[in-house]
Structure formats: structure tokens, C-alpha cells
Amino acid sequence: MDQLLLFLTYIAVIASAVSGTLEARKHEMDIVGAITIAFVTAFGGGTMRDLLLGRTPVFWIIDPWLTVAAFISAAISFYRAKGISNTPLIIADAVGLGLFSILGATYALQLQLSSIVAVLMGIVTGIFGGVLRDLLCNKIPHVFRNNTELYATCSFIGTWIFIIFTWFHINTLIASAIGATAIFILRLLAVRFKMTLPAP
Amino acid sequence: MDQLLLFLTYIAVIASAVSGTLEARKHEMDIVGAITIAFVTAFGGGTMRDLLLGRTPVFWIIDPWLTVAAFISAAISFYRAKGISNTPLIIADAVGLGLFSILGATYALQLQLSSIVAVLMGIVTGIFGGVLRDLLCNKIPHVFRNNTELYATCSFIGTWIFIIFTWFHINTLIASAIGATAIFILRLLAVRFKMTLPAP
Amino acid sequence: MDQLLLFLTYIAVIASAVSGTLEARKHEMDIVGAITIAFVTAFGGGTMRDLLLGRTPVFWIIDPWLTVAAFISAAISFYRAKGISNTPLIIADAVGLGLFSILGATYALQLQLSSIVAVLMGIVTGIFGGVLRDLLCNKIPHVFRNNTELYATCSFIGTWIFIIFTWFHINTLIASAIGATAIFILRLLAVRFKMTLPAP
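This structure is a prediction, so every number in the text was calculated from the model and none was measured.

Asker: Sorry if this is basic, but what is going on with the overall build of chain A here?
Answerer: Looking only at helices and strands, chain A features eight helices and zero strands. Along its sequence from the N terminus, chain A presents helices and strands in the succession α-α-α-α-α-α-α-α. Relative to a compact globule of 200 residues, whose C-alpha radius of gyration would be 16 Å, chain A shows 16 Å and is just as compact. The principal-axis extents of the C-alpha atoms in chain A amount to approximately 50 × 45 × 25 Å. The burial tally for chain A puts 56% of its 200 residues in the buried class. Within chain A, contacts between residues at least 6 apart in sequence are counted, and of these 73% link residues at least 24 apart.

Put into C-alpha cells, the structure is as follows:
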């Protein structure tokens, strides 16, 4: 179980670091700016989760290899990415969204918190890194804009799927995989078909 | 006493959620954006207070009904508010400012911290939700602008009134009510008569 | 040792409060806005450090005289600063950057954390106050912009110097002084000679 969480954390951190770096490159930042944005995107959501739940020192302080992984991912994607297309950014972002949402809900459930709070923790952990990334690039966070494709909503739905599965005592590995995959696919579908919420 | 604090917290959360939703509507956000802004406005100040004081898990994680209350308030004010006038926004914001200021000071005093720190905690708890709300809408926070009517100053004065009352062992219920009401009225007067601080 | 840390904290807080006030004046804020920006700049980095490490209540809550010192520094520099030249702002900012970086690394080492994490803590503590200051003034943080002179890089180098010195069991007082001075001088040199990182 702990092994699984650690593995998911590494993938989520690497994907988010890549998405942060690509976003930073679009804003013509230098390598320090890009690495900072990468760190913030990769660690922002999980840090907020750990602070809110009182799990300190936070996760990336306890495991220094996470920062090494984020650093290397950011450096490689900074110097390798040539043409700046949006597709890799959206895929990396969707991977991070899916995994961090499930991780957030899992840690909340471990503390015996209610399902509502676990879903909230999932959403916060999933989207907060991206929100910070956008704020540091000084634009209204993607997730809050009116004409944006579904984002937090994907996290909301997938996290509920995961939690309902845990109610039925389904194997955590399977439940996590299905929840994260649901979020990932929903997000890509939302971007592909420009699915938005109805305006008021 | 705990009952009173809980009651005040609910009113403050609901008022702040409403003010967040109305602000989000002014920026043409969709329902997810509006609810996110509502949550941030409602829980931002108290979360910062709990994190700084080391009271984790933070208050809205422990009591899941708070998030339900914020959610419902946000949804109702999102779909109900028709014409977007400023008055309900200012009133809801002033209620949240008054109550959260007193709550912040109260929790600091419970930890035997000094009066100066209690006032600071009151101000932080009172204004931080609104600051985050403004930041997420990508504008210079209201409270920091030069020509703004008194805002943090109202919290400062009312919190001192509350703390001085506690020095004289006046009943907490009465002291809280007077402090919060003073902040509320001061804020409305400041808006009505465009009271500002002298520029340098 | 604790005496030394306290002394360094006071100087760092005062320098950062001054730099925050001068930045706020450039944006034509009133005295409340200026003092808020001063507090955020002075306490932002150390607060983030304490939260991430789980050292709560955070440092300025435990020692109320720190807030008094920040308040007085902000008020004096708000009403005294006449012509608004950039030089005092840059010097005050560089002092804060140097001292807070070393303080952040020191506290991480006290918790037996790895050197990589200590350097990261140094950078976070050093730059975070300035990042928040810039965000609250609603501009892309200085440190992240493409054509900016070296900033986080100075903190990175100086903190490594400090940590390498501690590996050789050199007196902490001397190691701290050399590390902080290196950051301070590097930063001033970077501004003077417009040293930047190579663009991608």
C-alpha cells in the first residue's frame, strides 16, 4: 500500500513538473523561473493537502529524491521541448490531476475523515498545483475561467468513483487505478470536445 | 462557549461564501469557479489562522457540515442573484470581516498568546479570505489599494475593543458581539462616507 | 546559538519590512497597504518554512516583539522615504535574501534533514517573502522573469557554501556570516552588472 502511494506520488510529481516547465516556457521564463514553476506545480497540491491535514514535515521534505526527480524532469523538458505545442502540456497536466486527486482522497480516508472532506481533499490536491502555477504566471487560474473545459469537475467525479469503490471494500490498487484513469480520460475528453458547464 | 464559537463560525462562513460567489459572478465565472471562490473566501482566513497557530487538521476538515453550508450558500446565491448590485456583496463581506476577526482573536487568546498577536490573528483571519478571493480573480486585493475605504483598519479597531473588554473580564458573548458589530458598522460607514486613510 | 539565530531573524525581518514598504510606495498604496506588504515580505518566507517543517505556532507568533519591530520599520520607512530611488530597496532586499536563506537552511539541518532539502528550505525562506510581495502588488514575481538578474541563484550558491562549511564542522557563526555575505554580495553584483542566466 505505502509502496503504491509512493509510486503514484513519483509519477504525479514528474508529470506535474513537466506541465509546469512547459507552461513557464510559454511565458518565456529562464531556467530558474521554469524550475520554480515546476516545483510549485509538482509540490503545491500535495503540500496544501499535508498542511491542511497536519501531516508535517510535508511529503517532499521527508523524501529528498522527490525533489531530485522534479528537478531532473524540469531540466530535461526545459532544454528538450522544441516547438511548444499544447498537447504534451495538457496530457502531463491530466496525469497529475488524476493521480493527485486520488492521493489526496486516500490520505484523508486514512485519517478517518468523512467522504465529503475526502473528495474536497482530492480536488484541492489535484488542482492546487495548477492554480499556483497559473497565479505565478500572473493570469486568472485556468480552472476558474468561464469558458474553460471541465477541470475540477473531472477530479470531483473521479474522486467520488474512487470513494464509492472503497465503500464496497474493493482492492485499493484497483479502485485507485480506475479513479485516476477516469479523471484522466474525462479531462482529455473535455478538452477534445470542449465540454463546459452551463453558464448561469 | 464552544457552542458560541461554532455558531459564529457558521454565520461567518455563509456570509463569506455569499460574498465570494457574488464577486465571482462579476468576473463571469461558471458555477465551479464560483464555488471555488466561495470556498476560498469562506475558509481562507480561518485556514490561515489554524495553520499559523498549528491547529491541524484545520477547522473545516473537522466539521464537514461547514463545507455543506458553504456549498449550499454558494449554489443558491449563484443561481438566485439576478441584477448584480454591490450592496449585498459589501454587507456579506462586512459580516464575514467582523465575525472572522473576533474568532481569530479568540483562538489566539485561548493559546495564551499576547494581545498584539491576538489582534494580528484577528486581522489575518478577517481579511485573508477576501485577499485570496481578489488574488484568484487576478486583481490587486481590494484591501491594499490606495483609495480604498477603511477595511483592515475596521478589523484592527474592533478587535482591540474586543480584547480590551476581555481584559476587564467582561462576558465573552457580550464582548464578541460588541467587537463584531463595531467592525461591521465601521466598515459600512467607511463605504458609505468614503472614509480613507491619509496618503503619505 | 539560539541567540545568534534570534539576532539574525530580527535583522532579516527589519530589512524585509523596509523593502516591502518601499515596493508598496512605488504602487501608491496607503499606510495600511504598505504595512501589510511589509509584514508579508518580512514574515512570508519564515512562515512558509515553519509551516513546511511543522514548527507551529510560527516564529512571529511566539515572539511578539518581531511584529513590533516590523511595524516600526515599516512606519518609519513609509513616512521618511522621500524620493523613491531603487537602491535602498535593492540593498534591503539583498540583506533579507541572504539572512533568510541561511536561517531556512539552519532550521532544516537542525531537524536532521538532508542537504538537498536544506538548500531548498534556504531558497524558499529567502525568496518567498519577496514572491508574495510581488504577487500582492499583482505583478509576475521579479524572481521568475526572464530578463531578471540572478536572484534565487544567489541564494542557491550561498546556501550551498554555508552547508559545505557545516560538513567540515566550521563554527556556525562563521559559516552563517560567510554564507549570508556571499548571497548579499552576489546579488548586488548581479544587479550592478546585469548578470542573467542563459535563455533556452
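Asker: How should the packing of helix H1 (residues 2–26) of chain B against helix H5 (residues 86–110) of chain B be read in this particular structure?
Answerer: Think of two packed helices as two axes; the pair is described by the angle between the axes and how far apart they sit. Residue and element names in this part refer to chain B. Where H1 contacts H5, the axes come no closer than 8 Å and their chain directions differ by 145 degrees. The element H1 and its partner H5 pack so that their crossing is left-handed. From H1, Leu5, Leu8, Thr9, Ile11, Ala12, Ala15, Ser16, Val18, Ser19, Leu22 and Glu23 reach across to H5, where they touch Pro88, Leu89, Ala92, Asp93, Val95, Gly96, Leu99, Phe100, Leu103 and Thr106. Here the residues of the contact of H1 with H5 sort into 14 nonpolar, five polar and two charged.

Asker: Is there a simple way to explain the interface of chain A and chain C in this structure?
Answerer: By a widespread convention, an interface's size corresponds to the accessible area lost as its parts come together. If you look at the interface, chain A gives 24 residues, while chain C gives 22 residues. For the side of chain A that touches chain C, the secondary structure elements donating two or more residues are helix H2 (31–53), helix H4 (64–80) and helix H6 (115–136) of chain A. No other element matches H2(A), which puts seven residues into the side of chain A that touches chain C. Counted by class, the side of chain A that touches chain C contains 15 nonpolar, six polar and three charged residues.

Asker: Mind showing me how you'd approach the relation of the copies chain A and chain C here?
Answerer: There are two copies of the chain, and a rotation about an axis plus a shift along that axis relates them. Superposition of chain A onto chain C requires a rotation of 120 degrees combined with a translation of 0.0 Å along the rotation axis, giving an RMSD of 0.0 Å. Here the two chains are linked by the operation of a three-fold rotation axis. Both copies present different contact surfaces, since only 8% of the interface residues of chain A are interface residues in chain C too.

Asker: Explain the nonpolar core to me, please; I cannot follow it from the model alone.
Answerer: Here is a general trend for soluble globular proteins: nonpolar side chains tend to be buried in one another's company. The biggest cluster of nonpolar side chains holds 200 residues, and the ones touching the most others in it are A:Ala38, B:Ala38 and C:Ala38. Not counting chain neighbours up to four residues away, the residues in contact with A:Ala38 comprise A:Ala17, A:Gly20, A:Thr21, A:Ala70 and A:Ala74.

Asker: What should I look at first to understand the interface of chain C and chain B in this one?
Answerer: Every contact between the two is made by 23 residues of chain C and, on the other side, 22 residues of chain B. Listed by contribution, the elements that provide at least two residues to the side of chain C that touches chain B are helix H2 (31–53), helix H4 (64–80) and helix H6 (115–136) of chain C. In terms of residue count, H2(C) provides more of the side of chain C that touches chain B than any other element does, seven residues in total. In terms of residue class, the side of chain C that touches chain B is made up of 15 nonpolar, six polar and two charged.

Asker: Hey, could you run me through unusual backbone geometry in this one?
Answerer: Peptide bonds are trans in most cases, and residues, glycine excluded, mostly fall at negative phi. The omega torsion of the bond from A:Thr56 to A:Pro57 falls at -10 degrees, within 30 degrees of zero and hence cis. Mapping A:Pro57 onto the fold places it in the loop between H2 and helix H3 (59–62). In this structure, B:His169 takes a positive phi of about 55 degrees despite not being glycine. One non-glycine residue with positive phi stands out, namely C:Lys194, at about 50 degrees. Checked against the element boundaries, C:Lys194 lands in the segment after helix H8 (172–192).

Asker: Explain the relation of the copies chain C and chain B to me, please; I cannot follow it from the model alone.
Answerer: Note on the identical chains: chain C maps onto chain B by a rotation of 120 degrees and an axial translation of 0.0 Å, with an RMSD of 0.0 Å. Take the interface residues of chain C: only 9% of them recur as interface residues in chain B, which is what a contact between different surfaces looks like.

Asker: Is there a simple way to think about the environment of C:Gly20 in this case?
Answerer: Residue and element names in this part refer to chain C. Relative to the elements of secondary structure, glycine 20 occurs in helix H1 (residues 2–26). Separated by 163 residues in the primary sequence, glycine 20 and isoleucine 183 place their C-alpha atoms 19 Å from one another. The contacts of glycine 20, once residues within four sequence positions are left out, are Ile37, Ala38, Val40, Thr41, Ala42 and Arg133.

Asker: Where do I start with H2(A) in this structure?
Answerer: Counting along an α-helix, one turn takes 3.6 residues, and residues three or four places apart therefore face a common direction. Residue and element names in this part refer to chain A. Taking 1.5 Å per residue as the helical rise, H2 with its 23 residues ought to reach 33 Å, and the 33 Å between its terminal C-alpha atoms agrees with that figure. H2 sits mainly inside the fold: 22 of its 23 residues count as buried. At the exit of H2 stands glycine 54, carrying a positive phi of roughly 80 degrees.

The rules we used
Residues numbered from 1 in each chain as written. Chains lettered and ligands numbered in written order. Predicted model: local features only at pLDDT ≥ 70, side-chain atom pairs only at ≥ 80, totals over all residues. Helix = DSSP H or I, 4+ residues; strand = E, 2+ residues; numbered from the N terminus. Rg over C-alpha atoms; globule rule 2.2 N^0.38 Å. Buried ≥ 20, exposed ≤ 12 C-beta atoms within 10 Å, placed from the backbone. Contact = placed C-beta atoms within 7 Å. Axes fitted to C-alpha atoms, helices over the stretch in contact; angles between N-to-C directions. Left-handed = near helix turned anticlockwise from the far one by under 90°. Nonpolar A, V, L, I, M, F, W, Y, C, P; charged D, E, K, R; others polar. Least-squares fit on C-alpha atoms with pLDDT ≥ 70 in both. Core = buried A, V, L, I, M, F, W, Y, C linked by C-beta atoms within 7 Å. Expected span 1.5 Å × (residues − 1).

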